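Close look at the chain arrangement
Residues per chain are reported as follows:
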Amino acid sequence: MQNASQCLAQEAVTSERMRMKRRRKRRRVLFICCMLAWPVLHFLVFSIYVNINSAFMCFRGYNYTTMQEEWVGFANFRMLYNEVVQGSLANNIVTVSVRNSFLYFFLNTLVLFPLSVLSSFFFFKKMPGHKIFRVAFFLPSLIPGLVMTMLYGFMLDSTFGVVNHLLTNIGLGHLIPENGWFGSGGVAQAMIMLFVLWSGAGANIILLSGALGRIPTDVFESARLDGVSMMGELFHLVLPLIWPTVSIMIVSACMTIFSVYMPPMILTQGGPNGQTMTIAYLIMNWTTGGEEYLGATAGVIVSCFGVPFVLLVKWLMEKAAPAIEY
């Protein structure tokens, strides 16, 4: 009788434990679902729905007579083709946008990336003055991009800009462009590129500094005992060991071809005469200016070229060096 009561008590305890375990499991599943609900919804709306809708918009148009959308076939593609070939191809707004977008890519790859690597190594080695330079490079990354872009524009403003005031007071007023810093295409483009260099270096240096900090100190001590120079450490030790981070940065630089729009939008509105337009800003202008079908068509064409290009660069980066990282 006693054994039977013990068995019943043990079964009750086991049953209670199972119920508590199932309750904890349900709560865990509910917590995970709640945490994933927003990113999944965001992905479904802004990645799946928007892209599928854009693909359909390429073949649709708005009939102002019937006030309805209708199927137009390849009319949007012909319209975009006419936009590209009309007038002088060298001065065409689409051609200028493509040229400027690739200019930002080469700026990021050939100038910003080496500058970020050297600066990160400079900070890592704690060279003289590294704290001052660290603040100068990190400051833009601590301020929201929109605010930083507006502040940069205010600094170079022809009316109340601090840069013009400073140059005038030290006797270098002749360096101020006649039409202002954003009044001519060449100078405006140079000012935007300077801002991209300054604002983009901080985020890159943070990523590279994190990768450098994970390298064991024994590696550098062994290199110093073997007589490896500082440049030898950089090219033969540091770069191979942080290559996965370097690959991510180069792939991200490729994506700037199709994503840069905020600096020209805030600083020059694409001017003067469209000389600072980029692919992303041009598509955004079409989309918000009543030519959303043309913008959707351009976006789909850019995606068809951009996705394989970025994947190719990613594959080349993976083949260039083994993925070794601490």
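Before reading further, recall that the structure is shown in the block above.
First, a word on what this report is: a plain description of the structure on this page. (Residues numbered from 1 in each chain as written. Predicted model: local features only at pLDDT ≥ 70, side-chain atom pairs only at ≥ 80, totals over all residues. Heavy atoms only, no water.)

**Concerning the overall build of the protein chain**
Within the protein chain one finds 13 helices and two strands. The buried share among the 326 residues of the protein chain stands at 33%. A separation threshold of at least 6 residues defines the contact pool for the protein chain, and within that pool the share at least 24 residues apart is 65%. Per element, the accessible surface of the protein chain, about 20200 Å² overall, is 69% carbon and sulfur. (Helix = DSSP H or I, 4+ residues; strand = E, 2+ residues; numbered from the N terminus. Buried < 20%, exposed > 50% of the residue type's maximum accessible area, 1.4 Å probe, protein only. Contact = heavy atoms within 4.5 Å. Areas by Shrake-Rupley, 256 points an atom, 1.4 Å probe, with all protein chains shown as cover.)

**As for helix H10 (residues 243-255)**
The terminal C-alpha atoms of H10, which comprises 13 residues, lie 18 Å apart, in line with the 18 Å expected from a rise of 1.5 Å per residue. At its buried positions, H10 is contacted by helix H3 (93-124), helix H7 (185-213), helix H9 (230-241) and helix H13 (292-320). (Expected span 1.5 Å × (residues − 1).)

**Observations concerning the layout of surface pockets**
Estimated volume of the largest pocket: approximately 850 Å³. Along its surface, the largest pocket is lined by 28 residues, and Asn51, Ile283, Gly299, Val300 and Ser303 are the ones closest to its centre. If you list the elements that add at least two residues to the lining of the largest pocket, you get helix H1 (2-57), helix H12 (279-288) and H13. For the lining of the largest pocket, the element with the most residues is H13, which contributes 10 residues. Here the second largest pocket defines a volume of roughly 590 Å³. Going through the elements one at a time, H3, helix H5 (145-155), H7, H10 and helix H11 (262-267) are the ones with two or more residues in the lining of the second largest pocket. (1 Å grid on protein atoms, 1.4 Å probe; cavity = no way out; pocket = protein on both sides within 12 Å on 5 of 7 lines; lining within 4 Å. Points joined across faces, edges and corners; volume = space filled by probe spheres on them.)

**Let's talk about the nonpolar core**
Core analysis: the biggest nonpolar cluster contains 35 residues, and Val117, Ile215, Val238, Ile242, Val246, Trp286 and Val313 have the highest contact counts within it. Elements with a minimum of two residues in this core: H3, H7, H9, H10, H12 and H13. Trp181, Met191, Leu197 and Ile205 belong to the second largest nonpolar core, which has 20 residues in total. (Core = buried A, V, L, I, M, F, W, Y, C linked by side-chain atoms within 4.5 Å.)

**Looking at the pattern of salt bridges**
Throughout the structure, instances matching the rule amount to two salt bridges. Notably, a salt bridge pairs Glu69 with Arg60, separated by 3.3 Å at the nearest N-O pair. The exposure class assigned to Glu69 is partly exposed, which follows from its relative accessible area of 41%. Overall, Arg60 belongs to the partly exposed group, its relative accessible area being 24%. One salt bridge connects Lys314 with Glu318, and the closest N-O pair in it is separated by 2.5 Å. Placement of the pair is Lys314 and Glu318 together in helix H13, with a separation of four residues, close to one helical turn. Owing to a relative accessible area of 39%, Lys314 belongs among the partly exposed residues under this scheme. (Salt bridge = Lys/Arg side-chain N within 4 Å of Asp/Glu carboxyl O.)

**Digging into the environment of Gly306**
As for its placement among the helices and strands, Gly306 is situated in helix H13. Residue Gly306 is classed as buried on the basis of its relative accessible area of 5%. The spacing of Gly306 and Met255 is 51 residues in sequence and 7.9 Å in space, taken between C-alpha atoms.

**Overview of the packing of H3 against H10**
Between H3 and H10, the shortest axis-to-axis distance is 9 Å and the interhelical angle comes to 150°. Considering their axes alone, H3 and H10 lie roughly antiparallel with respect to each other. Crossing of H3 against H10: the hand is right-handed. Facing H3, whose interface residues are Phe105, Asn108, Thr109, Phe113 and Ser116, H10 presents Val246, Met249, Ala253 and Cys254. Here the residues of the contact of H3 with H10 are counted per class, giving six nonpolar, three polar and no charged. (Axes fitted to C-alpha atoms, helices over the stretch in contact; angles between N-to-C directions. Parallel < 35°, antiparallel > 145°, perpendicular 65-115°, else oblique. Left-handed = near helix turned anticlockwise from the far one by under 90°. Nonpolar A, V, L, I, M, F, W, Y, C, P; charged D, E, K, R; others polar.)

**Focus on the packing of H12 against H13**
The interhelical angle for the contact between H12 and H13, taken along N-to-C directions, is 150°, at an axis separation of 7 Å. Classed by the angle they form, the pair H12 and H13 counts as roughly antiparallel. For the crossing formed where H12 meets H13, the hand is left-handed. In this structure, H12 contributes Ile279, Ile283, Trp286 and Thr287 to the contact, and H13 contributes Glu292, Leu294, Gly295, Ala298, Gly299 and Val302. Of the residues in the contact of H12 with H13, the class split is six nonpolar, three polar and one charged.

**Notes on unusual backbone geometry**
Of note in the backbone geometry, Gln269 takes a positive phi value of approximately 55° without being a glycine. Phi angles above zero are rare outside glycine, and Asn273 is one such case at about 60°. Secondary-structure assignment places Asn273 in the loop between H11 and H12.

**Digging into the side chain of Thr268**
Within the secondary structure, Thr268 sits in the loop between H11 and H12. Within the structure, Thr268 has its side chain in polar contact with the backbone oxygen of Pro264 (distance 3.0 Å). Here Thr268 is in contact with Phe182, Ala188, Ile192, Pro263 and Thr276, once residues within four sequence places are set aside. (Polar contact = N/O pair within 3.5 Å; in protein donor to acceptor, adjacent residues only side chain to side chain.)

**Comments concerning H7**
Look at H7: 42 Å from first C-alpha to last across 29 residues, which is about the 42 Å you get at 1.5 Å a residue. Of all the bends in H7, the greatest, near 30°, is centred on Ala201. (Bend = angle between axes of the 7 residues up to and from the residue.)

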